[in-house]
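Single-letter residue listing:
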Amino acid sequence: MAQATITARVDASDKSNFDTFCSNVGINASTAINMFVKAVLRENRIPFEITQTPDPFFSETNMAHVKKSVRELRAGKGTVHELVEVDDE
């Protein structure tokens, strides 16, 4: 069977941790990725649940704060100020 290469960029720390995990279970990263590919093709789906971490901005507590702030601004209780941008240098 002809072989092909897949190249993926990952965080260096994640790669190191993944390599360590694979070593601990007796395989290498290439074998683990091949197992993933085979499972996707066999099941015709990602073989695990993909969940999204909720955006903390939309938490119940923060939304209550935002709504309160909007009410205060509409009632004239706000302060006008200039937007100051800071370079991350």
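To start, this report covers the structure provided alongside it. Along each chain, residue indices are assigned from 1 in the same order as the chain's sequence is written. Where totals are concerned, whole chains, interfaces and linings use all residues; where local detail is concerned, this predicted model gives features only for residues with pLDDT of at least 70, and gives and counts side-chain atom pairs only at 80 or more. Computation of side-chain values covers all heavy atoms of the structure but excludes hydrogens and water.

1. Quick look at the overall build of the protein chain
At step 1: The way it works is that DSSP assigns letters per residue, a run of H or I at least four long becomes a helix, a run of E at least two long becomes a strand, and they are numbered from the N terminus. A tally of helices and strands in the protein chain yields 3 helices and 0 strands.
At step 2: Listed N to C, the secondary structure of the protein chain is α-α-α in terms of helices and strands.
At step 3: Throughout, the radius of gyration refers to the C-alpha atoms, and the reference size of a globule is 2.2 Å times the residue count to the power 0.38. A globule of 89 residues ought to have a C-alpha radius of gyration of about 12 Å, yet the protein chain, at 24 Å, is considerably larger.
At step 4: Split into buried and exposed, the 89 residues of the protein chain put 3% on the buried side.
At step 5: With an accessible surface of roughly 8,900 Å², the protein chain has 55% of that area assigned to carbon and sulfur atoms.
At step 6: Averaging the locations of the 10 positively and 13 negatively charged side chains of the protein chain gives two centres separated by 10 Å. Accessible area is worked out with a 1.4 Å probe on protein chains only. A residue is then buried under 20% of its type maximum, exposed over 50%, and partly exposed in between. Calculation of accessible area relied on Shrake-Rupley with a 1.4 Å probe; when residues are assessed, cover is drawn exclusively from the protein chains displayed. Two residue types count as positive, namely Lys and Arg, and two as negative, namely Asp and Glu; His and chain ends fall outside the count. The location of each charge is read from NZ of Lys, CZ of Arg, CG of Asp or CD of Glu.

2. What to know about unusual backbone geometry
At step 1: Of note, the phi angle at Asn 44 is positive, near 55 degrees, even though the residue is not glycine.
At step 2: Here Asn 44 is to be found in the loop between helix 2 (29-43) and helix 3 (60-74).
At step 3: Judged by its relative accessible area of 72%, Asn 44 is exposed.

3. Brief notes about helix 2
Residues spaced three or four apart along an α-helix point in a common direction, a consequence of the helix completing one turn every 3.6 residues.
At step 1: An expected span of 1.5 Å times one less than the residue number is assigned to each helix. Here helix 2 contains 15 residues, and its C-alpha end-to-end distance of 21 Å stays within 8% of the 21 Å for a straight helix at 1.5 Å per residue.
At step 2: Two N or O atoms count as a polar contact when they lie within 3.5 Å, although within protein this holds only if one can serve as hydrogen donor and the other as acceptor, and sequence-adjacent residues are included solely when both atoms are side-chain atoms. If you check the start of helix 2, you find a side-chain oxygen 3.2 Å away from the backbone N of Ser 30, and it comes from Asn 28.
At step 3: Note on helix 2: the residue one or two positions beyond its end, Asn 44, has a positive phi of about 55 degrees.

Shape descriptors only; they carry no functional weight alone.
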